[in-house]
Amino acid sequence: MKTTMIILSFLFSGLAFSQTSEREFPALVRTESNKPIQDMVRLADLVSDNSFDGKHFKIVKGKEEEAVKFNAHSDLTFRAATTYYHLTRARDYFVNKIKSDYVKNMPKMVIRIDHKSQFSELGHFAHDNLDPQFNNALTIPAGKGFERRGIKPWGMEIWFRPMKRIHLSEINVNDQAAQEYTAMLKQFRNMMHMQTLQRFLAGLMTSVTGASSANPFAMDSLVRTAGTSVIMEAAYHLFDPLTKLVQRKWYWLDTALVPEIIYHEYAHAALSDHLVLSHSTAIIEGMADFFAGQIADSPKLAKHIKKYNTFNGKNAKKKQDYMIQFEMTDYANTDFVFGLLWEMKKVVGEDRGEAFMFELRKKLTTNSTIRGQLVEGLLQTCREKCGSPTNDRLKILKALNARGI
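Predicted model, so just to flag it, every value in this text is computed and none were measured.

Asks: Is there a simple way to explain the overall build of the protein in this structure?
Replies: Within the protein, the regular secondary structure consists of 11 helices and 12 strands. Considering only contacts in the protein between residues 6 or more positions apart, those separated by 24 or more positions represent 66%. As displayed, the protein offers around 22,200 Å² of accessible surface, 55% of which is attributable to carbon and sulfur atoms.

Laid out in C-alpha cells, this is it:
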C-alpha cells in the first residue's frame, strides 16, 4: 500500500509539472493614457511553481541557466515579471492577430536580464572582462556552439542589460537630433550668406547704374547687410557650447522595465525568418519599431518613463524628410523608417496595414536600403495585397515624394 502511494504521488507530481499555471506579480505597465505605473499582472503559461519558467519564456539572470526564483530579491523579480508579462503580450499579438506560424512554432526562448557580457558568435558569451555592457538590449541568433570547447548550442535569446548611471562625458553619444539640427543650421547659414552677398551686389550694381540713390557702402546699409551673417555665424559657432550647457548630464536606461523596448526586441525575433539578426540597420530597426508601436497601441516608444529611461524615445508622428545619412548604421535607430511605415499603414488602410507590413518583411533583408528595397518592397507588396493596387501605389508614391524620397 505504501509503495502504491509513493507511485501515485510521483505520477501526480509529474502531471502537475507538465501543466501550466498562472501567478500574480507586481510589474511595470502602461495605463490607457500611456503613463507608466506599477500594478499587479497575471503571468500565464508558467510551467514551474517556484520560478519564472514558462511554456514560451524562461527568465534567467546573467549567464545562469536556472530561472529566476519567485522568492528572489524584489528588484530582480520585478524585472523578471515585467519582461515575462510584456513578452507574453508580444507573442500573443504575433500569434493571434498577425497569425504568424513562424512565431507560433518558435521554441521556448531564454531571456537574460541584468546580463553584462557581449555576444560571441562562436562562444555565446564573450569574456567577462571584455567591455561589459549596460543600458541596452539585444536579440541574438541561435548558435551551434563549440563542442570541443564545451560550449553547447543555444537558441535565439533576448538580453536585457543592467541599468548604469553614466556621465555623458564618459561616453561617445551620437546625439542624432543635435547632428540633424547642426547640419540644417549649416545649410541655412550658407544659404543666408549667399542671399546676403546677392543683395549687396544688387545694391552695388543699382548704385553704379544710377537706378537707385541708395549707397551700398553707407554705414546703415552695411550694418543691415552684415547683420544676418553675424547672427547666423554666432548661432552656428555657439550651438555646441550652449547645447552642452543646457543638456542633461547623466544617462541611464533600464531596458527590462520599458515595455516598448521589450516589444521591439521580441519583434526582432518574430521577424527573423526574413530579417536576419546580424547587425543593426535602418530597415531592421524601423520594422521592429513599427510592430512595437502596434503592440503598445501608440506611435510613441519609450516616452514619459524617466525613472527608467533618460533618452528621448521615438515618435512615429515626428515629421522628417529623407536624408542619405539615414542609410548609415550610425543612424539606424532614428525615427524616420518608424514614422514612414506608420504613415504607410494609413495609406494602404488601417484595417489591412499591419498584415501589409508583416508581408512586407518578405521583400526586405537586413541589408536593404530605404530608397532602394524599402520603396520597391512597398510597391510590390501593394501590387499583391492592396484592394486597389493602382490607386494605392500612386498614394504610396505621393507620400514617399512628400518625404523627399
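That shown, we press on.
Asks: Looking at this structure, how should I read the packing of aromatic side chains?
Replies: Where two aromatic rings form a pair, the distance of their centres and the angle of their planes describe that pair. All chains considered together, the criterion is met by 19 aromatic pairs. With a centroid separation of 5.9 Å and an interplanar angle of 75°, the aromatic rings of F119 and W159 are classed as edge-to-face. Of this pair, F119 sits in strand 5 (residues 119–120) while W159 sits in strand 8 (residues 157–160), and the two are 40 residues apart along the sequence. What makes F119 partly exposed here is its relative accessible area of 25%. With relative accessibility at 0%, the residue W159 sits in the buried group.

Asks: When you look at the state of the cysteines in this model, what are you seeing that I'm missing?
Replies: Inspection of every chain in the model, using the stated rule, returns 1 disulfide. There is a disulfide in this structure between C382 and C386, and the S-S distance comes to 2.3 Å. Residues C382 and C386 are joined through a disulfide that is left-handed, its torsion about the S-S bond being -120°. The residues C382 and C386 share a single accessibility class, namely buried.

Asks: What exactly am I supposed to notice about the pairing of strand 2 (residues 36–46) here?
Replies: Side-chain direction in a regular strand flips from residue to residue, so the side chains alternate between the two faces of the sheet. Examined bridge by bridge, strand 1 (residues 21–30) and strand 2 share 9 bridges and lie antiparallel to one another. When the bridges of strand 2 are listed, R30 appears paired with P36.

Asks: I'm lost on the side chain of R361 in this one. Help?
Replies: Take R361: it is sitting in the loop between helix 9 (353–360) and helix 10 (370–385). At a separation of 2.6 Å, a polar atom in the side chain of R361 contacts the main-chain carbonyl oxygen of F358.

Asks: Explain helix 11 (residues 389–402) to me, please; I cannot follow it from the model alone.
Replies: For an α-helix, the turn length of 3.6 residues means that residues three or four places apart are oriented alike. The end-to-end C-alpha separation of helix 11 is 20 Å, in line with the 20 Å expected for 14 residues at 1.5 Å each. The secondary structure elements touched by the buried residues of helix 11 are helix 8 (336–348) and helix 10.

Asks: It is not clear to me how the pattern of salt bridges should be interpreted in this structure. Could you clarify?
Replies: Note that side chains of opposite charge can pair when their charged atoms are close. What the rule picks out here adds up to 19 salt bridges. Close ionic contact of E343 with R403 constitutes a salt bridge, the shortest N to O distance being 3.1 Å. In this pair, E343 is assigned in helix 8 and R403 in the segment after helix 11, connecting sequence segments 60 residues apart. We classify E343 as partly exposed; its relative accessible area is 21%. One network of salt bridges, in which partners are shared, links K97, K345, E350 and E354.

Asks: In this structure, what is going on with the sheet that holds strand 3 (residues 57–61)? I would like to understand it.
Replies: The strands making up a sheet associate through hydrogen bonds between their backbones, and the pairing can be parallel or antiparallel. Read from one edge of the open sheet, 4 strands run 3-4-8-7, paired in mixed fashion. Whereas interior strands pair on both sides, the edge strands pair on one side only; in this sheet they are strand 3 and strand 7 (137–140). On average, adjacent strands in this sheet sit at an angle of 20° to one another, irrespective of strand direction. The sheet contact formed by strand 4 (residues 109–113) and strand 8 spans 4 bridges and is parallel. Following the sheet pairing, I113 is matched in strand 8 by F160. In the packing of helix 2 (residues 74–97) onto the sheet, contacts are made with strand 3, strand 4 and strand 8, and the angle to strand 3 comes to roughly 155°.

Asks: Is there a simple way to explain the environment of D131 in this structure?
Replies: Here D131 is to be found in the loop between strand 6 (124–125) and strand 7. Once the C-alpha coordinates of D131 and K116 are considered, the two residues, 15 residues apart in sequence, prove to be 8.7 Å apart.

Asks: Would you take a moment to explain helix 8 for this structure?
Replies: Here helix 8 spans 18 Å end to end across 13 residues, near enough to the 18 Å set by a 1.5 Å rise per residue. The element helix 8 is largely enclosed, with a buried count of 11 among its 13 residues. After helix 8 finishes, the residue G349 shows a positive phi value of roughly 115°.

Asks: Is there a simple way to explain the environment of F94 in this structure?
Replies: You can see F94 is positioned in helix 2. We classify F94 as buried; its relative accessible area is 0%. Spatially, the C-alpha atom of F94 lies 9.0 Å from that of I295, the residues being 201 residues apart in sequence. Among all residues touching F94, those that are not within four sequence positions of it are K99, S100, V103, Y266, A267, A270, F291, I295 and F358.

How each quantity is defined
Residues numbered from 1 in each chain as written. Predicted model: local features only at pLDDT ≥ 70, side-chain atom pairs only at ≥ 80, totals over all residues. Heavy atoms only, no water. Helix = DSSP H or I, 4+ residues; strand = E, 2+ residues; numbered from the N terminus. Contact = heavy atoms within 4.5 Å. Areas by Shrake-Rupley, 256 points an atom, 1.4 Å probe, with all protein chains shown as cover. Phe/Tyr/Trp six-rings, centres within 6.5 Å; stacked < 30°, edge-to-face > 60°. Buried < 20%, exposed > 50% of the residue type's maximum accessible area, 1.4 Å probe, protein only. Disulfide = S-S within 2.5 Å. Pairing = 2+ DSSP bridges. Polar contact = N/O pair within 3.5 Å; in protein donor to acceptor, adjacent residues only side chain to side chain. Expected span 1.5 Å × (residues − 1). Salt bridge = Lys/Arg side-chain N within 4 Å of Asp/Glu carboxyl O. Axes fitted to C-alpha atoms, helices over the stretch in contact; angles between N-to-C directions.

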